[in-house]
Every structure is written in C-alpha cells, then in structure tokens.
Amino acid sequence: MSLLEVAKSVDGELSRQFRQQKYKDDPVLWCREYLGLDVWRAQREIMYSLRDNRNTAVAAGHGVGKSHVSAIAIAWWVDVHPQDKTYVATTAPSSSQLGIIWDQLRKLHALAKQRWKDGLVDHPLPGYITGDNKWKTALGVELGEGRAPRVETIDAAFQGRHADYLLAVGDEAVGLSQGHLEALGNIATGPANRQLLIANPTNPGSF
C-alpha cells in the first residue's frame, strides 16, 4: 500500500469516527441527515432524553408517533455505537403490539439501505432484521430482539443479555406487569445503558 493510500485510509477512518461521535451526541441531527426524516418537538425531547438520562418514561395519547420515534431511537442507537458492544431489547404486552416497533424498524432499515444505494449516506444500517423481530449482523450475531414473554418466563425473558451499550424498550408499558418491567430493567444496569418506557396513560394503577 502506498503512502497516499495509507493517508486516504487514515483520513477516511478519522472522518468516520468524527461523524459517529457527532451523531452520537445528537440523535435528532442523525435522524435528519442520515434518514432524511424530521421529528416534531415532543419526539425531539424523547430522543434527547434518551441520550442524556438512564431512564425515560413517555406518557402520551394515541397516534402521536411514540412507536415511530422509538424505532428511530433504536436505529440511531445501533448505528452510533460499536456493534460488538451494543444490544437492543424490546418488549410489549402482546406480540401484535411488539410488532409495531419492529415493523417500523424494518422500514427504517430499508430506507437507510436505499439512501446508501442512492449515494446520500456513506453506509447502510448493519445486518438485517428478521420476521420474528431479531436484528442480526451480516454474520448472524444478534444486535437486538423483541419479545413478548409468557407470564411463566418473564424473569428469564432477557436473562444474560448485557452490553456496554444496551437499550431496553418497553412499548405500551401501562400494560406491562411488574415482572415484565423488572426483567427489562435488570439488564439495563450498566453506566451507558438506557431504558425507554412508552405508553398511553390509561391505567393510573399500573406498575
């Protein structure tokens, strides 16, 4: 390899690291520049809260884009952190509800791939997302999973899942039991881990 080729390789890696840090610091900017999408004020607040706080709880009405922004946040999380140190775990009271975020994720994954093919961004999102709600690298290593665990397996739902950059998401959290939420929280204990709970606040007595 010539000195010019080495210089270009080093410059490219430094540029990649700069972009990754920039987008790690600003998920809304990542959304706009990488996905080509704008989010409204409350969605921006959710994304910045996720960046800045260990725990974020979102109570809002129907049809305001909670699941959509959660999927964007998951895609951002996976893109800006090292693949070998990153994991996303999501849960919801039912399989149909669980599928809402993952359907959104599949659309975002396809969008990023198309923008890469069109030359608008310098890379696609990693790997692929399966029909049973698993995000895997090209080598088949899991980056994330969505589960709606049966009652008798709640405690073991994500047992053993830990990562330096772990994001735990509970959709329709008002319908999740104490066991569901504790299982989710038990894996998000690292200093750079995050937990996001979203729900329509229909039951003030929920855990």
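The coordinates are above.
So, here's what we can say about the structure. (Residues numbered from 1 in each chain as written. Predicted model: local features only at pLDDT ≥ 70, side-chain atom pairs only at ≥ 80, totals over all residues. Heavy atoms only, no water.)

1. Regarding the overall build of the protein chain
Within the protein chain, the secondary structure is distributed over six helices and seven strands. Going from the N terminus to the C terminus, the protein chain shows its helices and strands as α-α-α-β-α-β-α-β-β-β-β-α-β. When each of the 207 residues of the protein chain is scored for burial, the buried share is 44%. Expressed as a percentage of contacts within the protein chain between residues at least 6 apart in sequence, the contacts between residues at least 24 apart total 69%. Carbon and sulfur atoms provide 52% of the accessible area of the protein chain, an area that totals close to 10,700 Å². (Helix = DSSP H or I, 4+ residues; strand = E, 2+ residues; numbered from the N terminus. Buried < 20%, exposed > 50% of the residue type's maximum accessible area, 1.4 Å probe, protein only. Contact = heavy atoms within 4.5 Å. Areas by Shrake-Rupley, 256 points an atom, 1.4 Å probe, with all protein chains shown as cover.)

2. So, the nonpolar core
By size, the foremost hydrophobic cluster in this structure holds 39 residues, and its most contacted members are Trp30, Ile72, Ile74, Ile101, Leu105 and Trp135. Counting only elements with at least two residues in this core, the list comes to α2 (27-35), α3 (41-52), α4 (66-80), α5 (95-117), β6 (165-170) and β7 (194-199). A total of ten residues in this core trace back to one element, the largest contributor, which is α4. The residues touching Ile74, leaving out its near neighbours within four places in the chain, are Val88, Thr90, Ile101, Leu105, Trp135, Leu167 and Val169. Formed by eight residues, the second largest nonpolar core is a distinct cluster that contains Ala163, Leu166, Ile187 and Ala188. (Core = buried A, V, L, I, M, F, W, Y, C linked by side-chain atoms within 4.5 Å.)

3. Notes on the side chain of Gln97
In this structure, Gln97 sits in helix α5. Polar side-chain contacts of Gln97 include one of 2.9 Å to the side chain of Asp171. Ignoring any residue separated from it by four or fewer positions in sequence, one finds Gln97 in contact with Ser67, Ala92, Asp171 and Glu172. (Polar contact = N/O pair within 3.5 Å; in protein donor to acceptor, adjacent residues only side chain to side chain.)

4. Some remarks on the pairing of strand β1 (residues 55-59)
The side-chain alternation of β1 yields one buried face, formed by Thr56 and Val58, and one unburied face, formed by Asn55, Ala57 and Ala59. One ladder, built from five bridges, connects β1 with β7; its direction is parallel. By the bridge assignment, Ala59 is partnered in β7 with Ala199. (Pairing = 2+ DSSP bridges.)

5. Structural notes on the pairing of β7
Within β7, five of the six residues are buried, leaving the element largely enclosed by the surrounding structure. Sheet topology note: the β6/β7 ladder contains four bridges and is parallel. Pairing of Leu167 across the sheet is with Arg194, part of β7. Regarding the hand of the β-α-β motif, the stretch spanning β6, helix α6 (residues 178-187) and β7 is right-handed. (Right-handed = clockwise from strand over helix to strand, strands pointing away.)

6. Observations concerning unusual backbone geometry
Positioned with a positive phi, Asn133 is a non-glycine residue whose angle comes to about 65°. Mapping Asn133 onto the fold places it in the loop between β3 (128-129) and β4 (134-136). Its relative accessible area of 10% is what places Asn133 among the buried residues.

7. Considerations on the environment of Ala59
Summarising the element assignment, Ala59 is placed in strand β1. Ala59 sits in the exposed class, given a relative accessible area of 60%. For the pair Ala59 and Asn200, spaced 141 residues apart in the sequence, the C-alpha separation amounts to 5.5 Å.

8. A look at the sheet that holds strand β5 (residues 142-147)
Reading across the sheet, the seven strands line up as β1-β7-β6-β2-β5-β4-β3 and stay open at both edges, with mixed pairing between neighbours. The open sheet has two free edges, formed respectively by β1 and β3, since each of these has just one partner strand. Its contacts with the sheet put α3 on β1, β6 and β7, and the angle it makes with β7 is roughly 150°. Along the sheet, α4 makes contact with β1, β2 (86-91), β4, β5, β6 and β7, crossing β2 at roughly 160°. (Axes fitted to C-alpha atoms, helices over the stretch in contact; angles between N-to-C directions.)

9. Let's talk about α5
Over its 23 residues, α5 extends 33 Å from the first C-alpha to the last, a length consistent with the 33 Å expected when each residue adds 1.5 Å. All buried positions along α5 are accounted for by Gln97, Leu98, Gly99, Ile101, Trp102, Leu105, Leu108, His109, Ala112 and Arg115. (Expected span 1.5 Å × (residues − 1).)

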